[in-house]
Amino acid sequence: AQTVTQSQPEMSVQEAETVTLSCTYDTSESDYYLFWYKQPPSRQMILVIRQEAYKQQNATENRFSVNFQKAAKSFSLKISDSQLGDAAMYFCAYRSPNTGNQFYFGTGTSLTVIP
Amino acid sequence: DAGVTQSPTHLIKTRGQQVTLRCSPKSGHDTVSWYQQALGQGPQFIFQYYEEEERQRGNFPDRFSGHQFPNYSSELNVNALLLGDSALYLCASSRAGWITEAFFGQGTRLTVV
C-alpha cells in the first residue's frame, strides 16, 4: 500500500512569515495526484492545493505553493504571509486511479500561527 | 449548495451496541467514501460506494458495513462496538472518474464507552 509520511507533528510560524510543511510518499505508480488538506477545529477537511504527478510545474494557489520533487517523492507545502486563520492541522494525501481512488493520508502537521 | 452533510455530529454509544452514521453527498456527486480518523491520526479509508454497491474496501473488519441509496446518500453501520471504534468518521463525496475533486463533510464524532 502507498504510504505518506509527515515528519513534523507540530510547526509554528509568526504571523506574516513563511513556513514550509514537509511530506514524503512511497509509490510505484506513475499516475497519481497529491493533495494538501487543512483541518481546522471545525473538523471539515478543506482542500488547500493539489498537484498532478504528470505536471512538472509546481502548483500555486494564492499564498500556498508546493515544491513537488517527483524523483525524491517529496511534496512540501509553503505558506507565505501566514495569517491567524491558517492555524489548523494540515494533511498531505495521495490518490491514484490505479489504487481505487482512495486517499492515503499522512499523520498530519499541527500549525500554530503566533500573532 | 449545502456541500457534504453528515449526521449526527456527535454520538455516544456503549460497547457492544450498533451505530448508524449518515452522509448526504454534494449535489452532482455519485460516489461516497468513508474514513475513520482516530485521535491524532490521519483518516483511514473504510470503503467506497458507487451505484449502490461497495466498490472498494480498506482494512476494516466486517463489523463495518455500509449502504448507498438511489439518491446517492450513504450510511455507515458499525456492529458490536469496541472502545477502539471511538473516532471521527468522515464522509467524502466525488464524481466517478473525477479523481482531482473530493469534498468532505464535517464528520461524526463517535465515542464508545
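Since the model is a prediction, treat every value here as computed from it, not as a measurement.

Basis of the calculations
- Residues numbered from 1 in each chain as written.
- Chains lettered and ligands numbered in written order.
- Predicted model: local features only at pLDDT ≥ 70, side-chain atom pairs only at ≥ 80, totals over all residues.
- Heavy atoms only, no water.
- Phe/Tyr/Trp six-rings, centres within 6.5 Å; stacked < 30°, edge-to-face > 60°.
- Buried < 20%, exposed > 50% of the residue type's maximum accessible area, 1.4 Å probe, protein only.
- Lys NZ or Arg CZ within 6 Å of the ring centre and 35° of its normal.
- Disulfide = S-S within 2.5 Å.
- Helix = DSSP H or I, 4+ residues; strand = E, 2+ residues; numbered from the N terminus.
- Contact = heavy atoms within 4.5 Å.
- Buried area = accessible area lost by both parts, 1.4 Å probe.
- Salt bridge = Lys/Arg side-chain N within 4 Å of Asp/Glu carboxyl O.
- Polar contact = N/O pair within 3.5 Å; in protein donor to acceptor, adjacent residues only side chain to side chain.

## Observations concerning the packing of aromatic side chains
Here is step 1: A full pass over the atoms with the stated rule returns 21 aromatic pairs over all chains.
Here is step 2: Between Phe 60 of chain B and Phe 64 of chain B, the aromatic rings sit 5.1 Å apart at their centres with planes inclined by 70 degrees, giving edge-to-face as the arrangement. In this structure, Phe 60 of chain B and Phe 64 of chain B share a single accessibility class: buried.
Here is step 3: The rings of Phe 35, Tyr 37, Phe 91, Phe 103 and Phe 105 of chain A together with Tyr 35, Phe 45 and Phe 104 of chain B are connected pair by pair, giving a single aromatic cluster.
Here is step 4: Looking at Lys 26 of chain B, its charged tip hangs above the ring of Phe 103 of chain B, at a distance of 4.9 Å from the centre.

## As for the state of the cysteines
Residue and element names in this part refer to chain A.
Here is step 1: Evaluated as defined, the whole model comprises 2 disulfides over all chains.
Here is step 2: Across the disulfide from Cys 23 sits Cys 92; the S-S distance is 2.0 Å. Handedness of the Cys 23-Cys 92 disulfide follows from its S-S torsion of about -70 degrees: it is left-handed. Separated by 69 residues along the polypeptide, Cys 23 in the loop between strand S3 (19-21) and strand S4 (24-26) and Cys 92 in strand S10 (residues 88-95) bring together distant segments of the chain.
Here is step 3: Residue class for Cys 23 comes out buried when judged on its relative accessible area of 2%.

## Comments concerning the interface of chain B and chain A
Here is step 1: Across the contact, 25 residues belong to chain B and 22 residues belong to chain A.
Here is step 2: For the pair chain B and chain A, the summed buried surface comes to about 1900 Å²; carbon and sulfur atoms form 49% of the total.
Here is step 3: When the area that chain B buries against chain A is broken down by residue, the three leading residues are Ile 99, Thr 100 and Phe 104 of chain B, summing to 35%.
Here is step 4: Scanning the region where chain B abuts chain A turns up 0 salt bridges.
Here is step 5: Counting across the interface, chain B meets chain A through 8 residue pairs in polar contact (both at pLDDT 80 or more).

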